[in-house]
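# A look at the structure
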Amino acid sequence: MLNKIRYQGRSYFELRDGEAMYAVESLVNLLLPLENEIANDPTGQIYIESPDYFYITGFPESIAQLITALTYTWPAK
């Protein structure tokens with residue numbers, strides 16, 4: 001699933017900033033129940049723009065709604 005999430009255009013494995021890494025990790029933890037659906041979707045992406053803002057694109061409406069429901073508590077501070 002990490003390959004579907006970008007932080008300011010960079011993959012998780014390119015990040016060196018602890019706050020950015022925490023933002024990705026905390027979002028991934030919330031999305032674990034949808035891991036297969038997210039990972040297997042051919043076009044869906046999740047873009048984190050800052051430690052408290054992300055958006056999703058390319059997912060079917062049903063998955064997008066589930067992502068929104070699972071992440072309503074994000075960011076966890």
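Let us look at the structure shown here.

The rules behind the values
Residues numbered from 1 in each chain as written. Predicted model: local features only at pLDDT ≥ 70, side-chain atom pairs only at ≥ 80, totals over all residues. Heavy atoms only, no water. Salt bridge = Lys/Arg side-chain N within 4 Å of Asp/Glu carboxyl O. Pairing = 2+ DSSP bridges. Helix = DSSP H or I, 4+ residues; strand = E, 2+ residues; numbered from the N terminus. Expected span 1.5 Å × (residues − 1). Buried < 20%, exposed > 50% of the residue type's maximum accessible area, 1.4 Å probe, protein only. Polar contact = N/O pair within 3.5 Å; in protein donor to acceptor, adjacent residues only side chain to side chain. Arc of directions from axis to C-beta. Contact = heavy atoms within 4.5 Å.

## Brief notes about the pattern of salt bridges
Within this structure, the stated rule accounts for one salt bridge. Close ionic contact of Arg6 with Glu14 constitutes a salt bridge, the shortest N to O distance being 4.0 Å.

## With respect to the pairing of strand 4 (residues 53-57)
As judged from the five bridges shared by strand 3 (residues 45-50) and strand 4, these two strands associate in the antiparallel manner. Looking at strand 4, one finds that Ile48 is bridged to Phe54.

## Observations regarding helix 1 (residues 18-31)
In a regular helix each residue adds 1.5 Å, so 14 residues correspond to 20 Å; helix 1 covers 20 Å between its end C-alpha atoms and thus fits that length. Among the residues making up helix 1, those that are buried are Ala20, Ala23, Val24, Ser26, Leu27, Val28 and Leu31. Backbone nitrogen of Glu19 and a side-chain oxygen of the N-cap are separated by 3.0 Å at the start of helix 1; the cap is Asp17.

## With respect to the side chain of Ser26
Summarising the element assignment, Ser26 is placed in helix 1. For Ser26, a relative accessible area of 10% puts it in the buried group.

## Some details on helix 3 (residues 61-70)
Residues of helix 3 that are buried include every one of Ile63, Ala64 and Ile67, and no others. Considered in projection along helix 3, the buried side chains sweep an arc of 100° and stay on one side of the axis. Exposed residues on helix 3 whose side chains face more than 90 degrees from its buried face are Glu61 and Thr68. Structurally, helix 3 contributes buried residues whose contacts are with helix 1, helix 2 (35-40) and strand 4.

Keep in mind that these numbers describe shape and distance, not what the molecule does.
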